[in-house]
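Letter by letter, the chains look like this.
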Amino acid sequence: MEYSLIDTLWVFLAAILVFFMNLGFASVESGFARSKNTVNILSKNFIVFAVSSLGFLLLGWGLMFGGDNPFVGTEHLFILGNQDLSFYDDTLTSSVPFWGKFFFQLVFCGTAATIVSGAVAERVKYVSFIIFSFVLTLVIYPIVGHWVWGGGWLADLGFMDFAGDAVVHSLGGWSALSGALLLGPRIGKYGKDGKPKAIPGHSMSLAVIGLFVLWLGWFGFNPGSTMSFQNPEDVMHILMTTNTSAIAAVLTSTITSWIVMKKPDLGMTINGCLAGLVGITGGCAYVTIEASILIGAISGILVVFFVLFFDKIKIDDPVGATSVHLGCGVFGTLCVGLFAKEGVTTLSTANGLFYGGGFKQLGIQLLGVVAIGAFSFVSSALVGLVLKKTVGIRVTREEEMQGLDIGEHGNIAYPDFALATESLEQGLPAAEGEAPVKPKVSVAKAVTVEHHESEGAKITRVSILTNQNKFSALQEALDNLGVTGITVTNVFGYGAQKGHPLYFRGSPVSSRLLPKVKIDIVVCKIPVETLVKTVQDTLYTGNYGDGKVFIYDVEDVIKIRTGERGYDALQDEDVSDS
């Protein structure tokens, strides 16, 4: 059989660009996550492509393209070991070799699976995520793909989804939603009043790098779905609708966040660009350039309100995957029924509502949204429930507090910083097998300083070292006590608990430092013993890691701006007390 060199090269290039999107997802997700979970996020993005590739190779391709059964492929399901793959000669295109077509569809399958990773970040068990991803790409994704691209019942009805708004993005979004609901929000995401609290990611630089990688990859994702370069005009039209939608969404998401949040939020701009790319994916070959501007502009506005909406209903999605891929994936699917224009490319064969097609195509698109949503959500939830009842799906509270990097992987993402930090607690390690002892209630001064009484009341500095996860409770207790100013530093150290062992490529790292928080308070009017008792009552559990209190006499305090000294210098500063 003769193949087209230009078509094969085009599919090859497009598939590589879509594969490169794995780096984009890894960067965006890890940038939006806290540093203590970076290794876990990066590792999940490695493993998800591996397991999705295996699942699609073992059975997924056959279920997706194995014959014209309305629901699922039933013929030639197993391609491994099959020396005669001629059954698939005319599947998708006849001008590209089988394994070229397979790899192009494989990277799409991997994209659907990696969407889930961001929504369940910072609290999902690594092993559970691996199993879920395998099932998703082995069975769930191929069935939906068959309905639309494999000759299934939605294709027979005339459902249109050129590059995967429904098959890839909304399916991944529905699966992500089910995972986020089953897991519940991260610890500390919602206050006692139910209002969401911001948990900032650790690197917006990494997130922006990831965005540009994804944007680049989309130029393979959408134009590459032609799987042919015989009509360059079609490919270039799709390229332009894709990019135009993205730039429109960048502008509207920035403006919307500026209006709603009073500042042009960079995180919203990142998700806005992705929303524009998702919103145009289903109709990129069916709509005009002008329509793509409108689709992108609306997507950029919608994603801001989707993020706020999911936060309000307590669905914790650290990266906004449900807002981007589910919300705008559904919107983009419906846009085909609104904006499709027959003849805008050689691939566009129907008119949407706004081009004289009536409600027919819109009705078909709506039916597809409901069917794919119901199947994706229910099947993903069932897999999640089985995992929850068997291996479990959420890490322990202690692991989540310390970070999944240490608990799940025994790694940290930024060891140079940690190793360069001097240990702040050099206590002797407990003997092997020794049980933690109940600490004494009395607090001894760690440092004896010759006291020089300043004019007015005595000034004392109190330094508290404790685990990061206890900071919120301590801050609330200090507020209630009347402490109006504190200085907080993120530090690393270990004491009797010896720290967690860290490894790199199987070898132990010489220093084992735990992330801690250091709170400095300077008090004058508040009695020191009252402050210490409040700290003890708040932090005490009886286990290693509760922390230590250091008390220092302060000779004097000078306010640089005014020259005031002593108690007067403490007023309205970050170390003051009432």
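For the structure given in this document, a descriptive report is provided here. (Residues numbered from 1 in each chain as written. Predicted model: local features only at pLDDT ≥ 70, side-chain atom pairs only at ≥ 80, totals over all residues. Heavy atoms only, no water.)

1. Quick look at the side chain of Glu122
For Glu122, the location among the structural elements is in the loop between α3 (98-119) and α4 (126-149). By relative accessible area, Glu122 is classed as buried at 1%. Polar side-chain contacts of Glu122 include one of 2.4 Å to the side chain of Arg186. Discounting residues that sit within four places of it in the chain, Glu122 has contacts with Ala33, Arg34, Asn37, Arg186, Glu400 and Leu404. (Helix = DSSP H or I, 4+ residues; strand = E, 2+ residues; numbered from the N terminus. Buried < 20%, exposed > 50% of the residue type's maximum accessible area, 1.4 Å probe, protein only. Polar contact = N/O pair within 3.5 Å; in protein donor to acceptor, adjacent residues only side chain to side chain. Contact = heavy atoms within 4.5 Å.)

2. So, the sheet that holds strand β5 (residues 514-523)
Reading across from one edge, β2-β5-β1-β6 is the order of the four strands in this open sheet, with antiparallel pairing throughout. Edge positions in the sheet fall to β2 (487-493) and β6 (548-553), since each has one partner strand and no second. Strand-to-strand twist in this sheet, taken as the mean axis angle between neighbours without regard to direction, amounts to 25 degrees. Where β2 meets β5, seven bridges bridge the pair, whose relative direction is antiparallel. In the sheet register, Gly493 faces β5, and the bridge partner there is Leu514. Packed on one face of the sheet, helix α16 (residues 471-481) meets β1 (460-467), β2 and β5 and runs near 10 degrees to β5. Running at roughly 5 degrees to β1, helix α17 (residues 528-539) makes contact with β1, β5 and β6 of the sheet. (Pairing = 2+ DSSP bridges. Axes fitted to C-alpha atoms, helices over the stretch in contact; angles between N-to-C directions.)

3. Re the packing of helix α7 (residues 204-221) against helix α9 (residues 266-281)
Relative to each other, α7 and α9 sit at 10 degrees, their axes nearing to 10 Å. Our classification of the angle between α7 and α9 gives roughly parallel. Here the hand of the crossing between α7 and α9 comes out left-handed. In this structure, α7 uses Met204, Ala207, Val208, Leu211, Leu214, Trp215, Trp218 and Phe221 to contact α9, whose residues at the interface are Leu266, Gly267, Ile270, Cys273, Leu274, Leu277, Val278 and Thr281. Its residues assigned to classes, the contact of α7 with α9 shows 14 nonpolar, two polar and no charged. (Parallel < 35°, antiparallel > 145°, perpendicular 65-115°, else oblique. Left-handed = near helix turned anticlockwise from the far one by under 90°. Nonpolar A, V, L, I, M, F, W, Y, C, P; charged D, E, K, R; others polar.)

By themselves, these figures tell us nothing about what the structure is for.
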